[in-house]
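Structure assessment
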Amino acid sequence: MMPLHLAPFVRWRSGLVLAWICLFSVGFTCIGAEHAASVTHPLPVAFSDLLPHFLVEPDDVYIVKNKPVTLTCRSTPATQIYFKCNGEWVHQDQHLIERDVDPATGLPVMQVKIDISRQQVEKIFGLEDYWCQCVAWSTTGTQKSQKAFVRIAYLRKNFEEEPLGKEVALDQEVLLHCHPPEGVPPAEVEWQRNEELIDPKTDPNFFITADHNLIIKQARLADTGNYTCVAKNIVARRKSSSATVIVYVDGGWSEWSKWTPCGVDCTMWRSRECTQPTPGTGGKECQGLDVQSLNCTSEQCPQTASGAEDVALYVGIVAVALCLTLLLIILVLVYRRKKEGLDADVADSSILTTGFQPMGIKPTKPENSHLLTIQPDLTTTTTSYQGTLRSRNEVGGKFSMSNGPLLEPLPNGSHTLHNGKLPSDPNAFMDRLSSQTYFKTLPRDNVNTSYGTFNFLGGRLTLPNTGISLLIPPEAIPRGKIYEIYLTIQKKEDMRLPLAGCQTLLSPVVSCGPPGVMLTRPVILSMDHCFDACLENWAIRLKKQSYEGSWEDVLQLGEEVVSEPYYCQLEAETCQVFTEQLGRFALVGESLSMAATKRLKLLLFAPAYCSTLEYNIRVYCMDDTQDLLKEVMQMERQLGGRLIDEPHVLLFKDSYHNLRLSIHDMPQAHWRSKLLAGYQEIPFYHIWSGSQRTLHCTFTLERQNLSTCDLTCTLCVWQVEGEGQSFSLDFNISKDIRPLDSDFLLMDNCTPALAGPSAFQIPYLIRQKICSSLDAPCPNGADWRLLAQRLKLDRHMSFLASKSSPTSVILDLWEAQHFHSGNLNQLAAVMAEIGKQEAMIFLVSDGEC
């Protein structure tokens, strides 16, 4: 049926209106019209026989967000054009009409446009596709254009399949899968490695399949990195989670060396090295021996003396053996005599079970009220004991001491130590520390402070559940000196170090002291960090506070100088700082690229008991270090909160994009969110600076009545244009019995302070034997260098070589790394691989040592 607004055209065709035809007449006057008109353009031949044809037809279009789209038709010769959408004529008022004449043919040209809104499409969305076409009329007839489909464009957030990380051998083929999110129009897919676009045209080692998977034809070492699948269409751009691909190299032997000349023991040797190729990025070491020996034939052995010369040789050997035996007996006697008596320098480790136990451990109350509680005094930084001490086998006995700066005598002139422990009042200790000029601002926080008394045998201070410890190796404190040492975390805002520009705090601020004490060897300060540990993306500096209070750069990680008093061993989540000076330290970083990331720990807390309609969920977004986790746990315990899901880790990039949090999928019939906006947002700099320790957002939910206790929802946390995490919650707020109490995350119940042998896994005498065996260079390389290689400390060879005893530094680092998880059998196995007999001494019991 023709629309009413086309009726004038019908009358024109029936000859009732002649004036229009007269416009195309040439050289005569039209009679019967209301007026006469002459036209300069000639009438084309057979114009009355032409059907309209389209110069422009409407094309398929997509509506992006709420922006309307425009469809266009252009036809000649055409007198009328109208649009029809989904079988219905579009009203004349919605057409934008333009008329023109083709200068080449003189034919009339007509162009019509209409706008289509999102609301028009959504009315029939899901029933059928929305389409439009235009119909054009001429004097001869009509023509219809092609159909143009109008669709609402979108791109969903979640990938149907994301790439997964892999570890592959060199030259192996790698396949990474990717199925982009559903979208209209379908998403185009590209791949990135370390945030840089992969172009198979420039690097033919990459190939992207028709179903969007990435193939690395032959894995190279340079192909190690983080791979991301990127999907995009006209609406949005989505990134998958990064998949880490590690290309490792298994070690391979080089050729065997030539046999050495036959030695006096009728043995010759040859060796080979694991350098073809050298194992890298986690690859396996070469299997088998690197040194072989072979007995020589009698002809190859060096000729020995005969006859009278043989007798002289044998007599000489016997004489040397007797001298060595006599010397050994003398040494044993001297050693036993020295071990039996303890001189003023406290030379025996038995002092550890008497006067030098850590003060942070409070003993049970003794039955004898006259027992002495010794108050350590830090006003004198170094002191020495005077008098004699009994061995640890005489626990119940008493010993005498002359007046000294550390111990004041009892009226009867004797001092008694109960169970060999030195108890102390923590508050008195903190009072003395804070009374010194440099420590006016030292926090009186006994919970986050450990302290103890140490001598040349060393020890360890630990802040439980924080990842922070201080290892004092043997011989780090000079013999004859006794130091009271403390370890603490700085929390007050006035103790925060100033950050400039884009710098970010990457570790807790840790103090150990007192500063200025003399150390003969570096101590090791262990603390957590919260960055990706890739020095290619960061400039990381170790800062130390000076006596004047200003912060100074004392070390840049990756550019250590072995002659400086500071050095650093960087691990995935921790940092081991070697320092010959005590003080206040922190790690500060500045990103070198947008690939730099910080680890954020996401924690969800809610009330353990709720008697109101409102129910609050607190989401903490904080640096991923154990000390902050402990702080939030303690704070929530005071607030009556409980953990309602396992913590998640989010990688936060230096992209200047904010962090967003939203809550979804709640049962609307029972719960509603009081959040007015679609999401909450934390500004980028608040997170990146690291200066705000316990950042969090609160979602306030409201239930319809108090009987509603079952809560299901999804809580999402994501960085704009970055990574995201989601929590799927489904629990009863009044009867939840899941084992997610905060205590399960705080399992470190280690002693805050340990002195002497109890602080180390390797017994003191065994340690000395290992050092004496490996410190001396060995021609076949079976010395401290091979131990460092086996323990994956190759990067620190120059630093270790600069020390008087490289082996002791290696063992110090092993102790710092493996205090809780160390396995002496594994270390013994390494020693056995090196070929040292000292591996057997690990089987000796403590009593035999």
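As a starting point, this report considers the structure included with it. (Residues numbered from 1 in each chain as written. Predicted model: local features only at pLDDT ≥ 70, side-chain atom pairs only at ≥ 80, totals over all residues. Heavy atoms only, no water.)

For the rest of this paragraph, the subject is the overall build of the chain. A count of helices and strands for the chain gives 12 helices and 48 strands. By sequence separation, contacts in the chain at least 24 residues apart represent 68% of the contacts at least 6 residues apart. For the chain, the computed accessible surface area is about 44,000 Å², with 53% contributed by carbon and sulfur atoms. (Helix = DSSP H or I, 4+ residues; strand = E, 2+ residues; numbered from the N terminus. Contact = heavy atoms within 4.5 Å. Areas by Shrake-Rupley, 256 points an atom, 1.4 Å probe, with all protein chains shown as cover.)

A separate point is a nonpolar patch on the surface. Where nonpolar side chains cluster on the molecular surface, the patch consists of Leu 313, Tyr 314 and Ile 317 and spans about 320 Å² of accessible area. Within the element layout of this structure, Tyr 314 appears in helix α4 (residues 308–340). Residue Tyr 314 is classed as exposed on the basis of its relative accessible area of 53%. (Patch = residues over 30% accessible without salt bridge, like charges linked within 9 Å, V, L, I, M, F, W, Y side chains within 5 Å. Salt bridge = Lys/Arg side-chain N within 4 Å of Asp/Glu carboxyl O. Buried < 20%, exposed > 50% of the residue type's maximum accessible area, 1.4 Å probe, protein only.)

All right, on to the pattern of salt bridges then. Pairs may arise between side chains of opposite charge once their charged atoms sit close together. Scanning all chains against the criterion turns up 27 salt bridges. Close ionic contact of Arg 460 with Glu 815 constitutes a salt bridge, the shortest N to O distance being 3.9 Å. Residue Arg 460 is found in strand β27 (residues 459–463), and its partner Glu 815 is found in helix α11 (residues 806–817); the two are separated by 355 residues along the sequence. Glu 815 carries the same exposure label as Arg 460, and that label is buried. Measuring nitrogen to oxygen at the nearest pair gives 2.8 Å for the salt bridge that ties Arg 618 to Glu 636. A residue pair is termed long-range when its members are at least 10 positions apart, and Arg 618 in strand β39 (residues 614–623) and Glu 636 in helix α6 (residues 626–639) qualify at 18 residues. Exposure class is identical for Arg 618 and Glu 636. Each is buried.

Strand order across the open sheet formed by 4 strands is β44-β42-β46-β47, with antiparallel pairing between neighbours. What marks the edges here is a single partner per strand, and that holds for β44 (680–682) and β47 (724–732). Between one strand axis and the next, the sheet turns through 20° on average, direction left out of account. (Pairing = 2+ DSSP bridges. Axes fitted to C-alpha atoms, helices over the stretch in contact; angles between N-to-C directions.)

Attention now goes to the state of the cysteines. By definition, a disulfide is the covalent link that joins the sulfur atoms of two cysteine residues. Across all of its chains, the model carries 5 disulfides by this definition. Residue Cys 85 pairs covalently with Cys 132 via a disulfide, S to S 2.0 Å. Handedness here is read from the sign of the S-S torsion; for Cys 85 and Cys 132, about 110°, the answer is right-handed. Of this pair, Cys 85 sits in strand β4 (residues 80–85) while Cys 132 sits in strand β8 (residues 130–137), and the two are 47 residues apart along the sequence. (Disulfide = S-S within 2.5 Å.)

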